[in-house]
Amino acid sequence: MSICSPSSSSSSSSSTGKALIVHTILAGTAIAVALGVHAYLGRARKFRTRVVGIIPARYASSRFEGKPLVQILGKPMIQRTWERSKLATTLDHLVVATDDEKIAECCRGFGADVIMTSESCQNGTERCYEALEKLDKKYDIVVNIQGDEPLIEPEIIDGIVKALQAAPDAVFSTAVTPLKPEDAFDPNRVKCVVDNHGYAIYFSRGLIPFNKSAKVNPRFPYSLHLGIQSYDSKFLKIYPKLQPTPLQLEEDLEQLKVLENGYKMKVIKVEHEAHGVDTPEDVEKIESLMRERNLS
(Lines give C-alpha, C1' and ligand atoms only; values in the text may rest on other atoms or scores of the structure.)
Protein backbone atom coordinates (compact mmCIF):
# COMPACT_ATOMS: atom_id res chain seq x y z
CA MET A 1 0.00 0.00 0.00
CA SER A 2 1.51 3.25 -1.12
CA ILE A 3 1.05 6.41 0.83
CA CYS A 4 1.32 9.67 -1.09
CA SER A 5 2.03 12.72 0.97
CA PRO A 6 0.42 15.95 -0.18
CA SER A 7 3.82 17.63 0.19
CA SER A 8 5.74 15.10 -1.96
CA SER A 9 5.76 17.40 -4.95
CA SER A 10 7.17 20.32 -3.01
CA SER A 11 9.68 18.03 -1.29
CA SER A 12 10.83 16.79 -4.66
CA SER A 13 11.28 20.34 -5.85
CA SER A 14 13.08 21.20 -2.68
CA SER A 15 15.39 18.18 -3.06
CA THR A 16 16.05 19.08 -6.67
CA GLY A 17 16.82 22.63 -5.68
CA LYS A 18 19.19 21.50 -2.96
CA ALA A 19 20.90 19.13 -5.40
CA LEU A 20 21.33 21.96 -7.88
CA ILE A 21 22.78 24.20 -5.17
CA VAL A 22 25.19 21.47 -4.03
CA HIS A 23 26.16 20.76 -7.65
CA THR A 24 26.74 24.45 -8.26
CA ILE A 25 28.85 24.76 -5.13
CA LEU A 26 30.91 21.70 -6.04
CA ALA A 27 31.32 22.91 -9.61
CA GLY A 28 32.35 26.32 -8.37
CA THR A 29 34.81 24.78 -5.96
CA ALA A 30 36.27 22.61 -8.71
CA ILE A 31 36.67 25.64 -10.96
CA ALA A 32 38.27 27.63 -8.14
CA VAL A 33 40.68 24.78 -7.41
CA ALA A 34 41.50 24.43 -11.09
CA LEU A 35 42.09 28.16 -11.40
CA GLY A 36 44.21 28.11 -8.25
CA VAL A 37 46.34 25.24 -9.53
CA HIS A 38 46.66 26.94 -12.91
CA ALA A 39 47.73 30.18 -11.25
CA TYR A 40 50.21 28.32 -9.05
CA LEU A 41 51.68 26.46 -12.00
CA GLY A 42 51.83 29.71 -13.92
CA ARG A 43 53.73 31.36 -11.09
CA ALA A 44 56.09 28.39 -10.85
CA ARG A 45 56.90 28.64 -14.54
CA LYS A 46 57.32 32.37 -14.30
CA PHE A 47 59.53 32.17 -11.23
CA ARG A 48 61.72 29.47 -12.75
CA THR A 49 62.68 31.14 -16.00
CA ARG A 50 66.14 32.46 -15.18
CA VAL A 51 68.74 29.69 -15.17
CA VAL A 52 72.42 29.67 -14.25
CA GLY A 53 74.80 26.75 -14.72
CA ILE A 54 77.55 26.37 -12.13
CA ILE A 55 80.50 23.99 -12.47
CA PRO A 56 81.96 23.41 -8.99
CA ALA A 57 85.64 22.49 -9.10
CA ARG A 58 88.09 21.82 -6.29
CA TYR A 59 91.73 20.82 -6.45
CA ALA A 60 92.05 18.75 -3.27
CA SER A 61 90.07 15.64 -4.20
CA SER A 62 90.78 12.62 -1.99
CA ARG A 63 90.48 10.16 -4.88
CA PHE A 64 92.11 12.26 -7.62
CA GLU A 65 93.97 15.41 -6.61
CA GLY A 66 93.97 18.14 -9.24
CA LYS A 67 91.33 16.32 -11.28
CA PRO A 68 89.79 19.42 -12.97
CA LEU A 69 93.16 20.24 -14.57
CA VAL A 70 93.97 16.78 -15.91
CA GLN A 71 94.57 16.83 -19.65
CA ILE A 72 91.98 15.13 -21.87
CA LEU A 73 93.43 14.98 -25.40
CA GLY A 74 95.28 18.24 -24.94
CA LYS A 75 92.65 20.24 -23.01
CA PRO A 76 92.02 20.48 -19.25
CA MET A 77 88.98 18.43 -18.25
CA ILE A 78 87.27 21.48 -16.77
CA GLN A 79 87.53 23.22 -20.14
CA ARG A 80 85.94 20.28 -21.96
CA THR A 81 83.05 20.27 -19.46
CA TRP A 82 82.60 24.02 -19.85
CA GLU A 83 82.60 23.84 -23.66
CA ARG A 84 79.95 21.10 -23.67
CA SER A 85 77.81 22.97 -21.13
CA LYS A 86 77.88 26.16 -23.20
CA LEU A 87 75.88 24.33 -25.87
CA ALA A 88 72.83 23.99 -23.59
CA THR A 89 69.98 26.26 -24.70
CA THR A 90 68.34 26.72 -21.27
CA LEU A 91 71.31 28.36 -19.53
CA ASP A 92 71.30 32.14 -19.28
CA HIS A 93 74.75 32.15 -17.71
CA LEU A 94 77.56 29.67 -16.95
CA VAL A 95 80.29 30.00 -14.33
CA VAL A 96 82.99 27.90 -12.67
CA ALA A 97 83.03 27.94 -8.85
CA THR A 98 86.35 26.99 -7.29
CA ASP A 99 88.47 27.47 -4.17
CA ASP A 100 91.77 27.04 -6.01
CA GLU A 101 93.65 29.81 -7.80
CA LYS A 102 95.32 27.37 -10.24
CA ILE A 103 91.91 26.20 -11.43
CA ALA A 104 90.64 29.79 -11.57
CA GLU A 105 93.60 30.93 -13.66
CA CYS A 106 93.15 28.01 -16.04
CA CYS A 107 89.44 28.74 -16.50
CA ARG A 108 89.94 32.44 -17.09
CA GLY A 109 92.50 31.47 -19.73
CA PHE A 110 89.89 29.77 -21.91
CA GLY A 111 87.25 32.46 -21.33
CA ALA A 112 85.13 31.13 -18.46
CA ASP A 113 83.63 33.33 -15.76
CA VAL A 114 85.00 32.29 -12.36
CA ILE A 115 83.68 32.77 -8.83
CA MET A 116 86.02 32.07 -5.94
CA THR A 117 84.47 30.09 -3.09
CA SER A 118 85.73 29.00 0.31
CA GLU A 119 87.55 25.76 1.08
CA SER A 120 84.98 24.97 3.77
CA CYS A 121 82.29 23.89 1.27
CA GLN A 122 81.44 20.27 2.06
CA ASN A 123 80.18 19.37 -1.41
CA GLY A 124 79.26 20.72 -4.82
CA THR A 125 75.81 21.83 -3.69
CA GLU A 126 77.22 24.06 -0.97
CA ARG A 127 79.75 25.45 -3.43
CA CYS A 128 76.91 26.25 -5.85
CA TYR A 129 75.05 28.02 -3.03
CA GLU A 130 78.04 30.22 -2.20
CA ALA A 131 78.56 31.04 -5.88
CA LEU A 132 74.87 31.91 -6.27
CA GLU A 133 75.12 34.36 -3.36
CA LYS A 134 78.03 36.10 -5.07
CA LEU A 135 76.39 36.49 -8.47
CA ASP A 136 75.19 39.98 -9.38
CA LYS A 137 71.98 38.77 -11.03
CA LYS A 138 69.18 36.71 -9.50
CA TYR A 139 68.33 33.27 -10.86
CA ASP A 140 65.41 30.90 -10.33
CA ILE A 141 67.18 27.63 -11.14
CA VAL A 142 70.77 26.61 -10.47
CA VAL A 143 72.23 23.72 -12.46
CA ASN A 144 75.10 21.91 -10.75
CA ILE A 145 77.23 20.54 -13.58
CA GLN A 146 79.90 18.08 -12.46
CA GLY A 147 83.32 19.14 -13.72
CA ASP A 148 84.38 15.51 -14.18
CA GLU A 149 81.83 14.86 -16.96
CA PRO A 150 83.75 16.08 -20.04
CA LEU A 151 81.28 14.38 -22.39
CA ILE A 152 78.11 15.71 -20.77
CA GLU A 153 75.39 16.16 -23.35
CA PRO A 154 73.80 19.64 -23.45
CA GLU A 155 70.41 17.99 -24.05
CA ILE A 156 70.61 16.45 -20.59
CA ILE A 157 71.22 19.86 -19.04
CA ASP A 158 68.18 21.19 -20.87
CA GLY A 159 66.17 18.13 -19.87
CA ILE A 160 66.61 18.49 -16.11
CA VAL A 161 65.94 22.23 -16.28
CA LYS A 162 62.66 21.66 -18.12
CA ALA A 163 61.74 18.86 -15.70
CA LEU A 164 62.12 21.19 -12.72
CA GLN A 165 60.19 23.94 -14.48
CA ALA A 166 57.32 21.50 -15.07
CA ALA A 167 57.24 20.11 -11.50
CA PRO A 168 56.44 22.94 -9.04
CA ASP A 169 56.19 20.44 -6.18
CA ALA A 170 59.85 19.46 -6.65
CA VAL A 171 62.86 21.48 -5.51
CA PHE A 172 65.49 19.33 -7.22
CA SER A 173 65.90 17.49 -10.51
CA THR A 174 68.48 15.08 -11.87
CA ALA A 175 69.00 12.37 -14.49
CA VAL A 176 69.60 8.63 -14.65
CA THR A 177 70.64 6.28 -17.43
CA PRO A 178 70.67 2.48 -17.74
CA LEU A 179 73.32 0.84 -15.55
CA LYS A 180 75.85 -1.44 -17.19
CA PRO A 181 76.12 -4.87 -15.51
CA GLU A 182 79.88 -4.46 -15.03
CA ASP A 183 79.24 -1.30 -12.95
CA ALA A 184 76.65 -2.91 -10.69
CA PHE A 185 78.91 -3.28 -7.64
CA ASP A 186 81.20 -0.30 -8.27
CA PRO A 187 80.68 2.11 -5.33
CA ASN A 188 81.77 5.02 -7.54
CA ARG A 189 78.72 4.40 -9.75
CA VAL A 190 75.72 5.68 -7.80
CA LYS A 191 72.42 3.88 -8.36
CA CYS A 192 68.93 5.32 -8.13
CA VAL A 193 65.37 4.02 -7.82
CA VAL A 194 62.42 6.10 -9.02
CA ASP A 195 58.67 5.89 -8.37
CA ASN A 196 55.93 5.64 -10.99
CA HIS A 197 55.58 9.42 -11.14
CA GLY A 198 59.22 10.14 -11.88
CA TYR A 199 60.34 11.13 -8.38
CA ALA A 200 63.43 9.75 -6.68
CA ILE A 201 62.93 7.19 -3.91
CA TYR A 202 66.56 6.48 -2.97
CA PHE A 203 70.19 6.68 -4.07
CA SER A 204 72.93 4.22 -3.11
CA ARG A 205 76.49 3.23 -3.84
CA GLY A 206 75.30 -0.36 -3.54
CA LEU A 207 73.14 -2.14 -6.06
CA ILE A 208 69.47 -1.18 -5.68
CA PRO A 209 67.09 -2.84 -5.78
CA PHE A 210 68.83 -5.89 -4.32
CA ASN A 211 67.53 -9.45 -4.57
CA LYS A 212 67.83 -12.77 -2.73
CA SER A 213 70.35 -14.21 -5.19
CA ALA A 214 72.79 -11.35 -4.45
CA LYS A 215 73.48 -11.24 -8.20
CA VAL A 216 72.68 -8.82 -10.98
CA ASN A 217 69.32 -9.56 -12.57
CA PRO A 218 69.92 -9.17 -16.34
CA ARG A 219 66.21 -8.50 -16.89
CA PHE A 220 65.87 -5.65 -14.38
CA PRO A 221 66.31 -2.04 -15.62
CA TYR A 222 68.77 -0.74 -13.01
CA SER A 223 69.43 3.01 -13.13
CA LEU A 224 72.77 4.81 -12.87
CA HIS A 225 72.69 8.33 -11.45
CA LEU A 226 74.34 10.99 -13.57
CA GLY A 227 76.08 13.66 -11.54
CA ILE A 228 74.21 16.60 -13.03
CA GLN A 229 71.40 18.15 -10.95
CA SER A 230 69.39 21.34 -10.72
CA TYR A 231 67.76 23.13 -7.79
CA ASP A 232 65.13 25.73 -7.18
CA SER A 233 67.24 28.67 -6.03
CA LYS A 234 65.06 29.24 -2.95
CA PHE A 235 65.69 25.65 -1.85
CA LEU A 236 69.41 26.03 -2.50
CA LYS A 237 69.47 28.77 0.11
CA ILE A 238 67.85 26.39 2.61
CA TYR A 239 70.06 23.38 1.85
CA PRO A 240 73.25 24.48 3.71
CA LYS A 241 71.19 25.11 6.84
CA LEU A 242 69.86 21.53 6.91
CA GLN A 243 71.74 19.29 9.31
CA PRO A 244 73.58 16.26 7.87
CA THR A 245 71.35 13.18 7.88
CA PRO A 246 72.18 9.56 8.77
CA LEU A 247 71.71 8.15 5.27
CA GLN A 248 73.64 11.01 3.70
CA LEU A 249 76.58 10.39 6.02
CA GLU A 250 76.51 6.61 5.62
CA GLU A 251 76.36 6.63 1.81
CA ASP A 252 78.28 9.90 1.40
CA LEU A 253 75.64 11.12 -1.05
CA GLU A 254 74.34 14.67 -0.74
CA GLN A 255 71.09 13.84 -2.58
CA LEU A 256 69.96 11.79 0.40
CA LYS A 257 69.85 14.84 2.66
CA VAL A 258 67.24 16.27 0.31
CA LEU A 259 65.09 13.13 0.43
CA GLU A 260 65.52 12.54 4.17
CA ASN A 261 64.17 16.02 4.85
CA GLY A 262 61.03 15.28 2.84
CA TYR A 263 61.72 17.30 -0.29
CA LYS A 264 60.73 15.99 -3.72
CA MET A 265 63.23 15.30 -6.48
CA LYS A 266 62.26 14.90 -10.13
CA VAL A 267 64.22 12.39 -12.20
CA ILE A 268 64.45 12.10 -15.98
CA LYS A 269 65.63 8.96 -17.74
CA VAL A 270 68.07 9.39 -20.61
CA GLU A 271 70.25 7.25 -22.84
CA HIS A 272 73.78 8.38 -22.07
CA GLU A 273 77.15 6.69 -22.17
CA ALA A 274 78.21 7.65 -18.65
CA HIS A 275 81.91 8.39 -18.64
CA GLY A 276 82.70 10.45 -15.60
CA VAL A 277 86.27 10.66 -14.37
CA ASP A 278 86.55 9.30 -10.82
CA THR A 279 90.11 7.92 -10.91
CA PRO A 280 93.25 8.48 -13.02
CA GLU A 281 92.47 5.23 -14.85
CA ASP A 282 89.26 6.75 -16.21
CA VAL A 283 91.19 9.35 -18.22
CA GLU A 284 92.44 6.75 -20.70
CA LYS A 285 88.89 5.41 -21.13
CA ILE A 286 87.60 8.89 -21.92
CA GLU A 287 90.35 9.58 -24.44
CA SER A 288 89.77 6.24 -26.19
CA LEU A 289 86.07 6.99 -26.47
CA MET A 290 86.73 10.48 -27.84
CA ARG A 291 89.07 9.07 -30.49
CA GLU A 292 86.38 6.58 -31.52
CA ARG A 293 83.91 9.44 -31.91
CA ASN A 294 86.39 11.73 -33.63
CA LEU A 295 86.01 14.34 -30.89
CA SER A 296 88.89 16.75 -30.62
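Everything below is about the structure shown above.
Not measured: the values here are computed from a predicted model.

Peer 1: Looking at this structure, I do not really get unusual backbone geometry. What am I missing?
Peer 2: Negative phi characterises most residues that are not glycine, and trans characterises most peptide bonds. Put simply, Ile208 and Pro209 share a cis peptide bond, and its omega is -5°. The residue Pro209 is located in the loop between β9 (200-204) and β10 (223-232) in this model. Of note, Leu73 is a non-glycine position whose phi angle comes to about 50°, a positive value. Checked against the element boundaries, Leu73 lands in the loop between β2 (71-72) and β3 (75-76). Of note, the phi angle at Asp252 is positive, near 60°, even though the residue is not glycine. Mapped onto the elements, Asp252 comes out in the loop between α7 (246-251) and α8 (255-260). Here Asp252 falls in the exposed class, since its relative accessible area comes to 58%.

Peer 1: How do you make sense of the environment of Ser288 when you look at a structure like this?
Peer 2: You can see Ser288 is positioned in helix α9 (residues 280-292). When the C-alpha positions of Ser288 and Leu73 are compared, they lie 9.5 Å apart, and in sequence the two are 215 residues distant.

Peer 1: What am I meant to see in the side chain of Glu251 here?
Peer 2: Following the sequence through the fold, Glu251 ends up in helix α7. One buried charge, Glu251, has no salt-bridge partner; the nearest side chain with opposite charge is Arg205, at 5.3 Å. In terms of polar contacts, Glu251 uses its side chain to reach the side chain of Tyr202, at 2.9 Å. Sequence-distant contacts of Glu251, defined by excluding residues within four places in its chain, comprise Tyr202, Phe203, Ser204, Arg205, Gly206 and Leu256.

Peer 1: Is there a simple way to explain the pattern of salt bridges in this structure?
Peer 2: Pairing is possible between side chains of opposite charge, provided their charged atoms come close. Under the definition given, this model contains 12 salt bridges. A salt bridge links Asp99 to Arg127; the shortest N-O distance between them is 3.5 Å. Here Arg127 lies in helix α4 (residues 124-134) and Asp99 lies in the loop between β4 (93-98) and α3 (101-109), a separation of 28 residues in the sequence. A single burial state applies to Asp99 and to Arg127, both of which are buried. Across the pair Lys264 and Asp169 runs a salt bridge whose closest N-O atoms are separated by 3.2 Å. Taken together, the residues span a long stretch of sequence, with Lys264 in the loop between α8 and β11 (265-269) and Asp169 in the loop between α5 (154-165) and β7 (172-178) at a distance of 95 residues. Under the relative-accessibility criterion, Asp169 is labelled partly exposed at 38%.

Cut-off values and rules
- Residues numbered from 1 in each chain as written.
- Predicted model: local features only at pLDDT ≥ 70, side-chain atom pairs only at ≥ 80, totals over all residues.
- Heavy atoms only, no water.
- Helix = DSSP H or I, 4+ residues; strand = E, 2+ residues; numbered from the N terminus.
- Buried < 20%, exposed > 50% of the residue type's maximum accessible area, 1.4 Å probe, protein only.
- Lys, Arg positive; Asp, Glu negative; His and termini not counted.
- Salt bridge = Lys/Arg side-chain N within 4 Å of Asp/Glu carboxyl O.
- Polar contact = N/O pair within 3.5 Å; in protein donor to acceptor, adjacent residues only side chain to side chain.
- Contact = heavy atoms within 4.5 Å.

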